[in-house]
Amino acid sequence: MERVIIGLSGGVDSSVAAYLLKEQGYEVIGLFMKNWHDDSVTISNECPWLDDSNDAMLVAEKLGIPFQTVDLSEQYKERIVDYMFHEYKKGRTPNPDVLCNREIKFDVFMKIALELGADYVATGHYCRKGVIEKDNKKVYQLLAGADDNKDQSYFLCQLSQQQLSKALFPIGELTKPEVREIATKLDLVTAEKKDSQGLCFIGKVKLPDFLQQQLKPKEGVIVEVSKEQDVFRHVETEFNSAEEKLKYLSRKIDYKVDYGEIVGKHQGAHYFTKGQRKGLAVGGTVEPLFVIDTDVVENVIYTGQGKAHPGLFKKALFVSNEELHWVREDLKLQIDETMEVLARIRYRQPLQKAILHKVDSGLYVEFEEFQSAITEGQFVAWYIGDELIGSGVIS
């Protein structure tokens, strides 16, 4: 009998996933990952991970599967939290969920599971796994979940063939309402539980509060840049090469304070991210202000009025070789090769038509349409049909 170790998070998705595995005849063991125990940071009095681990335990009891808790908080701090601060200080916006899957669930956690004799590791993600034969070798596919509303393949965009070979996604063929229905029928304590928001480790703590505790506030100015600013004037240039054009399309505008007027103050540029609208606390504009760029060195936030502001839009982005990842290594592009794909720059964004261009130093993703708020540090993932084949960090 094959043994599967499932990460039980105390949520409804992993609870139902565990039940389905049992139904499919696997020997199932539930493990709860404790990723955090610096209590100074759980700002509210409720201790979310205790509630969650308790719920996970009750589910395991109900399903009649063995259960234990593993403490991964040290590795978590090192690989996720420290990395996040490092990125924020550089003025980039990291994605802890993507990293948590690559570094914790499918690495540290997977190693523990394999040491416990597991044949597979399962999670409650809404995505599917495919297997094809190619040159007499098994190739694993990461496919979108059947529920369009909940597809979570994006969060797994950094997985490798090796990690995928050992992964199972039992609820990938189901929709969220179907999952809730099963949980209700089984009378699981998690059936009505709301989806967890906030960071994947601190439960109910919101990101700015968490950052605030670690990155010290520092007052700076908010500058509003008019859409008429010369820097947005599109100059028809002749490019000597495709790469030169891509470089131009993906360039980062170097904003200066005198490009606009000072409209307010903020408490630290590193708390803000491109495309953000809330939290600026500047009134009196015709249209709401959006962050178009942050400068963490000078501690300035640049904003523009309205979501159609030209400072928000770009047609291309760049991923450096160090931060480029192919789930399907067999489809990897060589220098000067291109590929038509569908891509997204954030979770839940509808897939966009794009062309990948491989160059010496990395890879350009050129979109058919302008994209709003392409944010450094976030992940871009590309698909062929409903298969996620690669991803990278936007530089």
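A brief look at the structure comes next. (Residues numbered from 1 in each chain as written. Predicted model: local features only at pLDDT ≥ 70, side-chain atom pairs only at ≥ 80, totals over all residues. Heavy atoms only, no water.)

## Side note on the overall build of the protein
A count of helical and extended segments in the protein gives 8 helices and 18 strands. Since a compact globule built from 395 residues should have a radius of gyration of about 21 Å, the 23 Å found for the protein is in line with a globular shape. Taken along its principal axes, the extent of the C-alpha atoms in the protein is 65 × 55 × 35 Å. A sequence separation of at least 24 residues applies to 69% of the contacts in the protein between residues at least 6 apart. (Helix = DSSP H or I, 4+ residues; strand = E, 2+ residues; numbered from the N terminus. Rg over C-alpha atoms; globule rule 2.2 N^0.38 Å. Contact = heavy atoms within 4.5 Å.)

## Description of unusual backbone geometry
Backbone geometry places Ala281, a non-glycine residue, at a positive phi of 55 degrees. Mapped onto the elements, Ala281 comes out in the loop between β9 (261-266) and β10 (289-295). Given a relative accessible area of 81%, Ala281 falls into the exposed group. (Buried < 20%, exposed > 50% of the residue type's maximum accessible area, 1.4 Å probe, protein only.)

## A closer look at the packing of aromatic side chains
Tallying each qualifying case throughout the model produces 9 aromatic pairs. Put simply, the rings of Tyr154, Phe155 and Tyr347 pair up and form one aromatic cluster. Sitting over the ring of Tyr248, Arg251 keeps its end group 4.0 Å from the ring centre. When the ring centre of Phe370 is taken as origin, the NZ or CZ atom of Lys315, which lies over that ring, is 5.3 Å away. (Phe/Tyr/Trp six-rings, centres within 6.5 Å; stacked < 30°, edge-to-face > 60°. Lys NZ or Arg CZ within 6 Å of the ring centre and 35° of its normal.)

## Looking at the sheet that holds β9
Strand order across the open sheet formed by 4 strands is β9-β8-β11-β10, with mixed pairing between neighbours. Strands with a single pairing partner mark the edges of an open sheet, and in this sheet they are β9 and β10. Averaged over neighbouring strand pairs, the angle between their axes works out to 30 degrees when direction is ignored. The pairing of β10 with strand β11 (residues 300-305) spans 6 bridges and is antiparallel. Counterpart to Val291 in the pairing with β11 is Thr303. (Pairing = 2+ DSSP bridges. Axes fitted to C-alpha atoms, helices over the stretch in contact; angles between N-to-C directions.)

## Describing the pattern of salt bridges
Scanning all chains against the criterion turns up 25 salt bridges. For the salt bridge of Glu103 with Arg79, the shortest nitrogen-to-oxygen distance reads 2.8 Å. Here the residue Glu103 occupies a position in helix α4 (residues 96-115), and Arg79 occupies one in helix α3 (residues 73-89), the gap between them amounting to 24 residues. Using a relative accessible area of 17% as the deciding quantity, one classes Glu103 as buried. Its relative accessible area of 28% is what places Arg79 among the partly exposed residues. We note a salt bridge from Lys111 to Asp107, for which the minimum N-O separation is 2.9 Å. Note that Lys111 and Asp107 are positioned in helix α4 at a spacing of 4 residues, about one turn of the helix. Put simply, Arg79, Arg102, Glu103, Asp107 and Lys111 are held in one network by salt bridges that share partners. (Salt bridge = Lys/Arg side-chain N within 4 Å of Asp/Glu carboxyl O.)

## Comments concerning the environment of Leu114
Among the secondary structure elements, Leu114 is positioned in helix α4. For Leu114, a relative accessible area of 33% translates into the label partly exposed. Between the C-alpha atoms of Leu114 and Glu61, which are 53 residues apart in sequence, the distance is 23 Å.

## A word on the nonpolar core
Ranked by size, the top nonpolar core spans 53 residues in total, and within it Ile104, Phe109, Leu142 and Phe169 carry the most contacts. Counting only elements with at least two residues in this core, the list comes to β2 (27-34), α3, α4, β6 (137-144), α7 (207-214), β10, β17 (379-384) and β18 (387-393). By residue number, the principal contributor to this core is α4, which donates 9 residues. When sequence neighbours within four positions are dropped, the list of residues in contact with Phe109 reads Ile5, Ile6, Gly7, Leu31, Met33, Val70, Leu72, Ile104 and Val121. (Core = buried A, V, L, I, M, F, W, Y, C linked by side-chain atoms within 4.5 Å.)

## A short note on the pairing of strand β1 (residues 3-7)
Among the 5 residues that make up β1, 4 are buried, leaving the element largely enclosed by the rest of the structure. Relative to β2, β1 runs parallel, the two sharing 5 bridges. Bridging from a neighbouring strand, Ile6 pairs with Gly30 of β2. In this fold, the crossover linking β1 to β2 by way of helix α1 (residues 12-23) has right-handed handedness. Judged from the 3 bridges that link them, β1 and strand β4 (residues 120-122) form a sheet pairing that is parallel. Residue pairing across strands places Ile6 opposite Ala122, the latter belonging to β4. (Right-handed = clockwise from strand over helix to strand, strands pointing away.)

## Some thoughts on the sheet that holds strand β3 (residues 67-71)
Pairing between the strands of a sheet is mediated by backbone hydrogen bonds and can be parallel or antiparallel. Read from one edge to the other, the open sheet built from 5 strands follows the order β3-β2-β1-β4-β7, with strand pairing classed as parallel. Edge positions in the sheet fall to β3 and β7 (167-168), since each of these pairs with one other strand and no more. Against the sheet, α1 engages β1, β2, β4 and β7, with an angle of about 170 degrees to β1. Running at roughly 125 degrees to β2, α4 makes contact with β1, β2, β3, β4 and β7 of the sheet.

## Here we look at the packing of α1 against helix α6 (residues 176-185)
Put simply, α1 and α6 touch, their axes get as near as 9 Å, and they point 70 degrees apart. It follows that α1 is roughly perpendicular to α6 by the angle criterion. Of the two possible hands of crossing, α1 and α6 adopt the one that is left-handed. In this structure, α1 uses Val12, Asp13, Val16, Tyr19 and Leu20 to contact α6, whose residues at the interface are Lys176, Val179, Arg180, Ile182 and Ala183. Here the residues of the contact of α1 with α6 sort into 7 nonpolar, no polar and 3 charged. (Parallel < 35°, antiparallel > 145°, perpendicular 65-115°, else oblique. Left-handed = near helix turned anticlockwise from the far one by under 90°. Nonpolar A, V, L, I, M, F, W, Y, C, P; charged D, E, K, R; others polar.)

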